[in-house]
Amino acid sequence: MALVTAEELQSELDIFGIPCQDESVLDKMVEQCICYRLQADEMLHQWVAYSSTKDGLKLTMDTLDQFEYEILKKRNRSKQGFRKDESHNRTRDIHTLQDLIKAEEEEETLLDAYSTPAKGSQKRALTTPEHPRSKRSTALLASPGLLLSPASFSPSTTPSQKYSQRSGKGEVVVTFGAVQGTRWVGRKNPGAGVQLELLEGPEDSLHCSYKYMFQRLRDIRNVLTEKIEELGENLRTHFSIEEFSPVSLPAQDSITVLGQVCCDSNGKLNAQSVLLEAGPEQGGQQVPVDLSELKEYSLFPGQVVVMEGMNTTGRKLVASKLHKGVPLPFYTSNIKMETDEEPMNVLVACGPYTPSDSLTFDPLLDLITIIVRDRPDVCLLLGPFVDSKHEQIEKAQVTETFEAIFSRCIESIVDGTKSVGCRLVFVPSQRDIHHHFIYPQPPFTLPNLSKDQAQRVTLVPDPCTLLIDGVTFGVTSTDILFHMSAEEISCGTGSDRFSRILKHMLTQRSFYPLYPPVEEVNMDYEKFQSFGQMSLTPDVLIVPSELRYFVKDVVGCVCVNPGRLTKGQVGGTYSRLLIQSSNRSEDGKRVSPCLTAQVVKI
């Protein structure tokens, strides 16, 4: 630490406009700087803060003594106490480990200089430009593995034992489509020539400011009303319904009503608590619904439905028929794709990328190894990357900022897959602790990416629809399956709850059709109206969840839950898909572009 001079202190005093003509005062301040290890600017900052609390105290020998007693000595004691605790409890980050190894090597070199080499002892390697580091130091060279080493972030430098001892590595747990003889590798030049873009275009993507917690109830009501009216008009046209009746108007004949399903209390929806809330055009009132005459139904809060039934008193609708929703059409491209083109290999993985008992990124490093081995054309990587639910993050036991951990994580992925050249798509999560905690969620910002790296990286919001070589991918990292599974009620519709929920998403034309949302989802309804709806039925829908992984065909859309890369302390799963963009068969019917898909254990 450079010694502070009287000239430096005088310069700082002049900046703050503090008069000081007495040289003994300056000498006293120099002495205090040396004793308490302060630079000139730090000393002045402390003095200005102190004097401000004392109504502009003048700078004299007496006031300096008072300042030293009240501020500097207390500051020094707290600093010493912190250092003492830190020496026992603090985690040693990667730089500390490098310093320790370097100091140990210097100590060994010094001891060797004073000792006689024993018989058979090996000559110590010299540090020269040709041999700059010892083997121990070489282990700490920068690499994806180093950047994500546990010492970088975690108090525990011990990797997760359960993860390292996991069984079934590489085991295929779900298979979809014809996979016989399938080679899970990308094209000859992965990523080269792949057309990847947001369907809505970059100029319409999610970047604007938010008004969350400043939303007016009237604005939220308008969004929900427009949703009821828009879906109602589509259903009216599809089922050739003349008009909808008001829900609370007494009628002796069967009527057809339009409304949104809701619950009569704050509890969970059940068959006895279903209400139908009409839009303003149908009176805007709520009426209880009797479901006893329906042979089959599947309902959840927020669902827009058309029902037929009797409402003789105006106080209860006895439903006799429930019209099923209609999904949007698929994307059709005017550009003719080459039918003999190689299939595109797409890898999909969802965080967290660390075990719950350690902040080691071993699962992510294993995934990077798989990417280098299989050379996919596109990698869809969904958050959380820095998981807010990780126990060490919840207990504030990390040694770096969350942004630094995230930047290092992304840098390792980009650098680790550089030799492959694949396209990387990063999707944020509500659980990413360093990012905006709101839905729909804006994309990450990565200002430190180089120009070459940025060409391979695409940052997208949650949710979004991607267009990859003429194939549409609907992507969301929010666990809508889990949220809707807790709220949906059904009767006579079979046991496949996942397919029912996915069909609801497609027929309600929304990435998050549940209303009200669960407490952990902070919804901005104006943004949700623009960015949370489906503009078409995607060819592939990516819906990661805590629930069991699967690949399903639902009304022609291939829906994939890749699972999470880690499940607690053990390894999880990821997914891979082969995509062929030719979308018409010889008879003109649509053919799913997803040839085959698998869910694989990491």
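Remember, it's a predicted structure, so these values are computed and weren't measured experimentally.

Colleague: What is the right way to look at the sheet that holds strand S18 (residues 557–561) in this model?
Modeller: As a general point, the strands of a sheet are linked pairwise by backbone hydrogen bonds and lie either parallel or antiparallel. The strand order across the open sheet built from 6 strands is S2-S13-S14-S16-S18-S17, with neighbouring strands paired in mixed fashion. The sheet terminates laterally at strand S2 (196–198) and strand S17 (550–554), the two strands that pair on one side only. Recorded for the sheet is a direction-independent mean angle of 25° between the axes of neighbouring strands. Here strand S13 (residues 464–468) pairs with strand S14 (residues 471–475) via 5 bridges, running antiparallel. Note on S14: the bridge partner recorded for Thr 465 is Gly 474.

Colleague: Honestly, unusual backbone geometry in this entry has me stumped. Any pointers?
Modeller: Most peptide bonds take the trans configuration, and most residues that are not glycine carry a negative phi. A cis amide bond links Gly 351 with the next residue in sequence, Pro 352, at an omega value of 10°. With an omega of 10°, the peptide bond running from Gly 383 to Pro 384 counts as cis. Summarising the element assignment, Pro 384 is placed in the loop between strand S10 (378–382) and helix H11 (391–394). Even without a glycine there, the phi angle at Ser 240 is positive, about 55°. Relative to the assigned elements, Ser 240 resides in the loop between helix H9 (217–238) and strand S3 (251–263).

Colleague: Looking at this structure, how should I read the confidence of the model for the protein chain?
Modeller: In regions of low pLDDT, the predicted coordinates are not meant to be interpreted in detail. Per-residue pLDDT for the protein chain has a mean of 84; in total, 82% of the residues score no lower than 70. Ranking the elements of the protein chain by mean pLDDT puts helix H6 (residues 135–138) last, at 42, and strand S16 (residues 540–542) first, at 98. Counting contacts from residues 117–130, a segment whose pLDDT is below 50, to residues more than four positions away or on other chains yields 6 contacts.

Colleague: Quick question: what am I supposed to make of the pairing of S10 here?
Modeller: Looking along a regular strand, one sees side chains alternate from face to face of the sheet. Across the 5 residues that make up S10, a large majority, 5, are buried. In S10, alternate side chains face the same way, and those of Val 378, Leu 380 and Leu 382 on one face and Cys 379 and Leu 381 on the other are all buried. The pairing of strand S9 (residues 344–350) with S10 spans 5 bridges and is classified as parallel. Bridge assignment links Leu 347 to a residue of S10, and that residue is Cys 379. The pairing of S10 with strand S11 (residues 423–427) spans 5 bridges and is parallel. Paired with Cys 379 across the strands is Leu 424, a residue of S11.

Colleague: Is there a simple way to think about the pairing of strand S22 (residues 594–601) in this case?
Modeller: Within S22, 6 of the 8 residues are buried, which leaves the element mostly enclosed by the surrounding structure. Pairing of strand S1 (residues 172–177) with S22 involves 5 bridges; the strand directions are antiparallel. From the neighbouring strand, Gly 177 faces S22, where its bridge partner is Thr 596. When strand S21 (residues 573–579) meets S22, the two strands line up antiparallel, connected through 7 bridges. Bridging across to S22, Leu 578 finds its partner in Thr 596.

Colleague: What is the right way to read the environment of Ser 333 from this model?
Modeller: Relative to the assigned elements, Ser 333 resides in the loop between strand S8 (317–323) and S9. Along the primary structure Ser 333 and Gly 470 are separated by 137 residues, whereas in three dimensions their C-alpha atoms are 6.4 Å apart.

Colleague: Before we go on, may I ask you to explain the packing of aromatic side chains in this structure?
Modeller: Aromatic ring pairs are defined here through the distance separating the ring centres and the angle between the ring planes. By the definition in use, this model includes 13 aromatic pairs. Taken together, a centroid distance of 4.6 Å and an interplanar angle of 45° make the contact between Phe 406 and Phe 444 tilted. Taken together, the residues Phe 406 in helix H12 (residues 402–416) and Phe 444 in the loop between S11 and helix H13 (451–456) connect sequence positions 38 residues apart. What links up through ring pairs into an aromatic cluster is the set Tyr 353, Phe 385, Phe 406, Phe 426 and Phe 444. Over the ring of Tyr 163 we find Arg 166; its NZ or CZ atom is 4.0 Å from the centre of that ring. We note Arg 590 situated over the ring of Phe 330; from NZ or CZ to the ring centre the distance is 3.6 Å.

Conventions adopted
- Residues numbered from 1 in each chain as written.
- Predicted model: local features only at pLDDT ≥ 70, side-chain atom pairs only at ≥ 80, totals over all residues.
- Heavy atoms only, no water.
- Pairing = 2+ DSSP bridges.
- Helix = DSSP H or I, 4+ residues; strand = E, 2+ residues; numbered from the N terminus.
- Axes fitted to C-alpha atoms, helices over the stretch in contact; angles between N-to-C directions.
- pLDDT = per-residue confidence, 0-100.
- Contact = heavy atoms within 4.5 Å.
- Buried < 20%, exposed > 50% of the residue type's maximum accessible area, 1.4 Å probe, protein only.
- Phe/Tyr/Trp six-rings, centres within 6.5 Å; stacked < 30°, edge-to-face > 60°.
- Lys NZ or Arg CZ within 6 Å of the ring centre and 35° of its normal.

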